[in-house]
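Fold and contact review
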Amino acid sequence: MPVNKSNDFDKAKTRALKILSYRDHSGGELLQKLSKHFDEKTSEKALAWVREIGYQNDKKYAEKLAAVLIESKHYGVRRARWEMKQKGLSEDIIETALEAYNNDEIVGIITGIIERKYADFLDDRPGVKKTVDALMRRGYDYSDIKTAVSRVKEDMEFEYNE
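Predicted, not measured: the structure shown is a model, and the values here were computed from it.

With respect to the overall build of the protein chain
For the protein chain, the helix and strand inventory stands at 9 helices and 0 strands. Along the protein chain, helices (α) and strands (β) appear in the sequence α-α-α-α-α-α-α-α-α when read from the amino end. Against the 2.2 N^0.38 benchmark of 15 Å for 162 residues, the protein chain shows a C-alpha radius of gyration of 22 Å, more extended than a compact globule. Principal-axis analysis of the C-alpha atoms gives the protein chain an extent of 85 × 25 × 25 Å. Expressed as a percentage of the 162 residues in the protein chain, the buried residues total 38%. The contacts in the protein chain between residues at least 6 apart in sequence include a share of 62% that link residues at least 24 apart.

Some words on the side chain of D58
Tracing the backbone through its elements, the reader meets D58 in helix α4 (residues 58-72). At 3.1 Å, the side chain of D58 and the side chain of R51 are in polar contact. At 2.7 Å, the side chain of D58 and the side chain of Q56 are in polar contact. With residues near it in sequence (within four places) discarded, D58 still touches S26, G27, R51, L89 and I93.

Some details on the pattern of salt bridges
In the structure shown here, the tally under the stated rule is 10 salt bridges. Of the charged contacts, one joins E95 and R81 as a salt bridge, the two residues approaching to 2.7 Å between their closest N and O atoms. Of the two residues, E95 sits in helix α6 (residues 91-98) while R81 sits in helix α5 (residues 77-86), which places them 14 residues apart along the sequence. The class of E95 is partly exposed, set by a relative accessible area of 31%. Ionic pairing is found between E91 and K85, a salt bridge with its closest N-O pair at 3.2 Å.

Some words on the packing of α4 against α6
Relative placement of two packed helices is described by the angle separating their axes and the distance separating the axes. Relative orientation of the contacting elements α4 and α6 amounts to 50°, with a least axis distance of 9 Å. For the element pair α4 / α6, the angle class is oblique. When you trace α4 past α6, the crossing you get is right-handed. Contact residues: α4 offers D58, K59, A62, E63, A66 and I70, while α6 offers I93, A97 and L98.

With respect to the nonpolar core
Among the nonpolar cores identified, the biggest contains 33 residues, and M84 and I114 are the most heavily contacted of them. Discounting residues that sit within four places of it in the chain, I114 has contacts with A119, L122, T131, L135, A148, V149 and V152.

Description of the packing of α4 against α5
Here α4 crosses α5 at 135°, and the two axes come no closer than 10 Å. Taken together, the axes of α4 and α5 lie oblique to each other. Between α4 and α5 the crossing geometry is right-handed. Mapping the contact onto sequence places A62, L65, A66, L69 and I70 in α4 and V77, A80, E83 and M84 in α5. The residue makeup of the contact of α4 with α5, split by class, is 8 nonpolar, no polar and 1 charged.

Definitions and cut-offs
- Numbering of residues starts from 1 in each chain and follows the order in which that chain's sequence is written.
- Confidence filtering applies because this is a predicted model: local features only for residues at pLDDT of at least 70, side-chain atom pairs given and counted only at 80 or more, and all residues used for totals across whole chains, interfaces and linings.
- Hydrogens and water molecules were not included; the side-chain quantities draw on all heavy atoms of the structure.
- Numbering goes from the N terminus for both helices and strands, where a helix is a DSSP run of H or I of at least four residues and a strand is a run of E of at least two.
- Here the globule rule is a power law, 2.2 Å times the number of residues to the power 0.38, and the radius of gyration is based on C-alpha atoms.
- Partly exposed residues are those whose accessible area sits between 20% and 50% of the maximum for their type, while under 20% is buried and over 50% is exposed, using a 1.4 Å probe and protein chains only.
- In what follows, a contact means two residues having at least one pair of non-hydrogen atoms within 4.5 Å.
- N or O atoms closer than or at 3.5 Å make up a polar contact, with two conditions inside protein: a donor-capable atom paired with an acceptor-capable one, and, for residues adjacent in sequence, both atoms drawn from side chains.
- What makes a salt bridge here is a side-chain nitrogen of Lys or Arg within 4 Å of a carboxyl oxygen of Asp or Glu, nothing more.
- Interaxial angle, 0 to 180 degrees, is taken between N-to-C directions of lines fitted to C-alpha atoms, where a helix line uses only the stretch in contact.
- In this scheme, roughly parallel covers angles under 35 degrees and roughly antiparallel covers those over 145, while 65 to 115 is roughly perpendicular and the rest are oblique.
- Crossings are assigned a handedness: left-handed for a near helix turned anticlockwise from the far helix by less than a right angle, right-handed for a clockwise turn.
- We call a set of buried residues a nonpolar core when its members are Ala, Val, Leu, Ile, Met, Phe, Trp, Tyr or Cys and they connect through side-chain atoms within 4.5 Å of each other.
- Gly counts as polar in this scheme, as do all residues outside two lists: the nonpolar Ala, Val, Leu, Ile, Met, Phe, Trp, Tyr, Cys and Pro, and the charged Asp, Glu, Lys and Arg.

Shown next as structure tokens:
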């Protein structure tokens, strides 16, 4: 019995729209999900179709994902880059999305985290190490962490001396 390729394409388009109705996906994620049910060529055609009609755009998805990872989850740029790679985004799209976050913004985010979670640990060397290690695991650069720790310590000394 011959396989109806146009019927498969219609089913792939429908599945792609259904997948995207739940949440945004990168092109790589969507292709991977479609490939579980359809052959590679049909999956790629369905991906091209949803991109053509404007339902999937890796650049917009990367910008939204970067904002969530950095501003909401408080991940560092390094960790955000890794998470975005896991979603199947290309290097140039990732870098473009992360360009929006300069060092001053990142240091400000780190400072806020330290003030909320780690300020009590900054009294001694092991506490500072614990704070730095925790922030390094979140993907922040050491130089940014060091700057933020210094700012918080200065603020704490200033408040103490008043």
